[in-house]
Amino acid sequence: MTGPLNAPAPLHHPRFEPGKAFEIARVNLLRQVRDRGDLFFVFVLPTIIVVALGLQFGGPSLVRLGVVAPTGDAAATSLVEALRSGDASVDVRFVADAGTLRSRVEHGQLEAGLVIPDGYAADLRGTGTLTLEFVGTTQALTRGVRAPVEAAVAKVAAVTTAARIAVAEGAGTVDAAASAAAGSYATVPGMTIQTTVVGEPGQFAGFSQFTFGASTQLILFMFLTSMTAAGRLVHTKQMGVSRRMVATPTSVWTIVAGEALGRYLVAMLQAAYIVAVTSLVFGVSWGDPLAAGAIIMVFGLVAAGAAMLVGAMSENGDQAASMGVFVGLALGALGGCMIPWQIMPPVMQ
């Protein structure tokens, strides 16, 4: 007989053990969640950026139109109702006075405003020119916010003009003529504009205000959060945890798979939070859930793989975190996660 009677057990088991891999991944996920510094980065910061991008680039799904109208004026009330019924995208909100209206438009609380002067009904029955004040920013004018207001005012102007002409021709009082003109307005043949839409629809056509921010920040923060988790892989090596795991009856493949799965779970936690918050709070539609889920899961693999690579290459945790954040932000900026790539110069595109 050759060799010692009691040979030492092999240091490594070649077989892959899924249970141990999942346990390693679970510990990594708990370390991420229990770090108070990461709670802001994972949960608060993405929400803030989604809101900021939605306010800057998304544009509201409804046009918030502030209206200053005299109390008890039937003609002013009729104009407001015309504004509400004329365009489904207009959300009419009453404002106390013109100064408050201008302040809210300037601060982005309203897209535009309309000031109906006192004595509006009496001025309609008169013979002079009636002036309404429209308040709006340059962005509001370029987005066509003024169009529904002009359409409602044009209807009132047409009825008023017809009534004044009728009175001038001796057809009775102004009130009677205005009532007859308003009743006949819908039956009088007018002019119809046929609109033809050419070209391809916008990237986010039909989506809500926060769709751009939600979709871009989902990709960006899945990557960045995985990169910050790469620092913990370095800490695991520095503290000797990896060496102690290798010394146990656990295969290297199991350890590597567990560490990679931990980064993957961190990325998926970030994705699940962003999808849930933007869907429930901001009304963002993610389309087909199976297709969206497949894309998110595949990109989670990309983020986890990059985190493993950075963690393996780095000598300390701070280097891994800073390198990952720098690379993530640079790629995110080039990929359109900061601003829509359509507004970048051609060279950048």
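The notes below deal with the structure included here.

Conventions used here
- Residues numbered from 1 in each chain as written.
- Predicted model: local features only at pLDDT ≥ 70, side-chain atom pairs only at ≥ 80, totals over all residues.
- Heavy atoms only, no water.
- Helix = DSSP H or I, 4+ residues; strand = E, 2+ residues; numbered from the N terminus.
- Buried < 20%, exposed > 50% of the residue type's maximum accessible area, 1.4 Å probe, protein only.
- Contact = heavy atoms within 4.5 Å.
- Areas by Shrake-Rupley, 256 points an atom, 1.4 Å probe, with all protein chains shown as cover.
- Salt bridge = Lys/Arg side-chain N within 4 Å of Asp/Glu carboxyl O.
- Phe/Tyr/Trp six-rings, centres within 6.5 Å; stacked < 30°, edge-to-face > 60°.
- Expected span 1.5 Å × (residues − 1).
- Bend = angle between axes of the 7 residues up to and from the residue.
- Pairing = 2+ DSSP bridges.
- Axes fitted to C-alpha atoms, helices over the stretch in contact; angles between N-to-C directions.
- Core = buried A, V, L, I, M, F, W, Y, C linked by side-chain atoms within 4.5 Å.
- Arc of directions from axis to C-beta.
- Polar contact = N/O pair within 3.5 Å; in protein donor to acceptor, adjacent residues only side chain to side chain.

What follows is about the overall build of the chain. Helix and strand counts for the chain come out as 13 helices and four strands. Put simply, the chain has 349 residues, and 36% of those count as buried. Put simply, of all contacts in the chain between residues at least 6 apart along the chain, 78% involve residues at least 24 apart. Total accessible area on the chain stands at roughly 20200 Å², and carbon and sulfur atoms take up 65% of it.

As a further point, take the pattern of salt bridges. Counting across every chain of the model gives nine salt bridges. Put simply, Arg 26 and Glu 23 hold a salt bridge, and the shortest N to O gap is 2.5 Å. With Arg 26 and Glu 23 both in helix H1 (residues 18–34) and three residues apart, the pair spans about one turn of that helix. Taking the relative accessible area as the measure of exposure, Arg 26 reaches 41% and is therefore partly exposed. The exposure class assigned to Glu 23 is partly exposed, which follows from its relative accessible area of 38%.

Okay, the packing of aromatic side chains next. A full pass over the atoms with the stated rule returns three aromatic pairs. Both rings, one in Phe 43 and one in Tyr 273, keep their centres 4.9 Å apart while their planes meet at 85°; by these two values the pair is edge-to-face. Placement of Phe 43 in helix H2 (residues 36–58) and of Tyr 273 in helix H11 (residues 252–280) is noted, with a sequence separation of 230 residues between them. Between Phe 210 and Phe 282 the ring centres are 4.7 Å apart and the planes differ by 40°, which places this aromatic pair in the tilted class. Separated by 72 residues along the polypeptide, Phe 210 in the loop between helix H8 (174–184) and helix H9 (211–238) and Phe 282 in the loop between H11 and helix H12 (289–313) bring together distant segments of the chain. Judged by its relative accessible area of 19%, Phe 282 falls in the buried class.

Once that is clear, we can look at H9. Here H9 contains 28 residues, and its C-alpha end-to-end distance of 41 Å stays within 8% of the 40 Å for a straight helix at 1.5 Å per residue. Gln 217 marks the point of greatest bend in H9, at about 25°. With respect to burial, H9 is a largely interior element, 23 of its 28 residues being buried. The positive-phi residue at the C-terminal boundary of H9 is Gly 240, with phi of around 80°.

Another point: the sheet that holds strand E3 (residues 112–115). Spatially, the four strands line up as an open sheet ordered E2-E1-E3-E4, and their pairing is mixed. The outermost strands of the open sheet, each flanked by one partner alone, are strand E2 (90–94) and strand E4 (133–136). Averaged over all pairs of adjacent strands, the angle between their axes in this sheet comes to 25°, without regard to strand direction. Where strand E1 (residues 63–68) and E2 come together, five bridges link them in parallel fashion. When the bridges of E2 are listed, Val 63 appears paired with Val 90. Helix H3 (residues 74–86) contacts E1, E2 and E3 of the sheet and is inclined by roughly 150° relative to E2.

Within the fold, Ala 98 resides in helix H4 (residues 98–106). For Ala 98 and Val 68, which are 30 residues apart along the polypeptide, the C-alpha to C-alpha distance reads 6.4 Å. Sequence-distant contacts of Ala 98, defined by excluding residues within four places in its chain, comprise Val 68 and Val 115.

This brings us to the nonpolar core. In this structure, Leu 218, Met 222, Phe 223, Met 227 and Ile 296 are the most contacted members of the largest nonpolar core, which totals 24 residues. Secondary structure elements with two or more residues in this core: H9, H11 and H12. The element contributing the most residues to this core is H9, with nine residues. The next biggest cluster of nonpolar side chains, apart from the first, holds 21 residues, and it includes Val 63, Leu 79, Ala 82 and Val 145.

Moving on, we come to the pairing of E1. Across the six residues of E1, five count as buried, placing the element largely inside the fold. The pairing of E1 with E3 spans four bridges and is classified as parallel. Paired with Gly 66 across the two strands is Gly 113, which belongs to E3.

Right, let's talk about helix H13 (residues 317–335) for a bit. With 19 residues, H13 extends 26 Å between its outermost C-alpha atoms, agreeing within 8% with the 27 Å of an ideal straight helix rising 1.5 Å per residue. Buried residues of H13: Gly 317, Ala 320, Gly 324, Gly 328 and Gly 332, and no others. Buried residues in H13, looked at end-on, bunch into an arc of 80°, giving them a common side. Exposed residues on H13 whose side chains face more than 90 degrees from its buried face are Asp 318, Phe 326 and Leu 334. Residues of H13 that are buried sit in contact with H9 and H12. Among the residues of H13, the N-terminal cap falls to Asn 316, whose side-chain oxygen and the backbone nitrogen of Gln 319 are separated by 2.7 Å.

None of this, on its own, says anything about what the molecule does.
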